[in-house]
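Observations on chain architecture
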Amino acid sequence: MKNNTMERELLRIENMKAYEYQAMADGHKMIAGFDEAGRGSWAGPVVAAAVILKPDFFLPGINDSKKVSPAKRGILAEKIKKIAIDWAVAFVSNELIDRINILNATLISVNLCLEGLTQKPDFLLLDAMHLHDTNIKQRSLIKGDSLSVSIASASILAKVERDSYMDSLECLYPGYGFVKHKGYGTAAHRQAIEELGPCPIHRYSYKPIKTSLGGNVGVN
């Protein structure tokens, strides 16, 4: 990057540390950011990630995963894993989503990430959610993946891990186009369901899948 571009990037990322800096000013030392990927998907797991960063963390290009290209996300994810103090990723299956609903499944995935961290945080930054089964202080931020560098880093890890998993399903369940839409609701995905019927990785409690079966689906 040229000097002026690097300066703008430094300033942008410093601005994304505002909530981390506030937590540190309040006396917290291990601040973990959490995010998830796959809540709105019609198929596959929901995946959560947690990241603890050093105060001087700087990684050009870090941002909400939806604002970063797939190729760049993969590069950033590997760098985050190398320079983070700690990180964790957790999957919750489509079967469990069907049994307990997506909100509860998402909270389970986030709690699993919290348990998976070897360095225990003393403050949590979460993207539009709240954990009830912990005494650790926390803050929920609407659009947190655009506001917090820790949450943005978690969003990239979660998205990259989930996309990679969905890509792997292309060979197991050909014809659905998972490598393209990652299980989300596109016209091509809907057409594939209409032609092939849902497969074992689909979320049978979701309306598009229920509709394809005429509503005759039970979830154990």
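Relevant structure appears above.
In this text the structure is predicted, and so the values were computed from the model without any measurement.

1. Focus: the packing of helix H3 (residues 70-83) against helix H7 (residues 149-172)
When two helices pack together, their arrangement is given by the angle between the helix axes and the distance between those axes. Where H3 contacts H7, the axes come no closer than 9 Å and their chain directions differ by 120°. What the angle tells us is that H3 and H7 run oblique. Between H3 and H7 the crossing geometry is left-handed. Here Arg73, Gly74, Leu76, Ala77, Ile80 and Lys81 of H3 come into contact with H7, specifically with Ser153, Ile156, Leu157, Lys159, Val160, Glu161 and Asp163. Here the residues of the contact of H3 with H7 are counted per class, giving six nonpolar, two polar and five charged.

2. So, unusual backbone geometry
What you tend to see is this: most non-glycine residues have negative phi, and most peptide bonds are trans. Backbone geometry places asparagine 101, a non-glycine residue, at a positive phi of 85°. Looking at where asparagine 101 falls in the secondary structure, it is placed in the loop between helix H4 (94-100) and helix H5 (102-116). Unusually for a residue other than glycine, lysine 182 sits at a positive phi of about 60°.

3. Let's talk about empty space enclosed by the protein
Summed over all chains, the structure comprises one cavity of 30 Å³ or more. Size it by volume and the largest cavity reaches roughly 100 Å³. Lining the largest cavity we find Lys17, Glu20, Tyr21, Met24, Lys29, Ile31, Leu53, Lys54, Pro55, Val149 and Ser150. Of all the elements in the fold, those that place two or more residues in the lining of the largest cavity are helix H2 (18-25) and H7. By residue number, the principal contributor to the lining of the largest cavity is H2, which donates three residues. Per-class residue counts for the lining of the largest cavity are six nonpolar, one polar and four charged.

4. Notes on the pattern of salt bridges
Summed over the entire model, instances satisfying the criterion amount to nine salt bridges. The partner of glutamate 78 in a salt bridge is lysine 81, with the nearest N and O atoms 4.0 Å apart. On the criterion of helical spacing, the pair formed by glutamate 78 and lysine 81 is a turn pair, its members being three residues apart in helix H3. You can call glutamate 78 partly exposed: its relative accessible area is 44%. Judged by its relative accessible area of 22%, lysine 81 is partly exposed. Salt-bridge contacts for lysine 81 lead to glutamate 161; the nearest nitrogen and oxygen are separated by 2.8 Å. With lysine 81 in helix H3 and glutamate 161 in helix H7, this pair connects stretches of sequence that are 80 residues apart.

What counts and how
Residues numbered from 1 in each chain as written. Predicted model: local features only at pLDDT ≥ 70, side-chain atom pairs only at ≥ 80, totals over all residues. Heavy atoms only, no water. Axes fitted to C-alpha atoms, helices over the stretch in contact; angles between N-to-C directions. Helix = DSSP H or I, 4+ residues; strand = E, 2+ residues; numbered from the N terminus. Parallel < 35°, antiparallel > 145°, perpendicular 65-115°, else oblique. Left-handed = near helix turned anticlockwise from the far one by under 90°. Contact = heavy atoms within 4.5 Å. Nonpolar A, V, L, I, M, F, W, Y, C, P; charged D, E, K, R; others polar. 1 Å grid on protein atoms, 1.4 Å probe; cavity = no way out; pocket = protein on both sides within 12 Å on 5 of 7 lines; lining within 4 Å. Points joined across faces, edges and corners; volume = space filled by probe spheres on them. Salt bridge = Lys/Arg side-chain N within 4 Å of Asp/Glu carboxyl O. Buried < 20%, exposed > 50% of the residue type's maximum accessible area, 1.4 Å probe, protein only.

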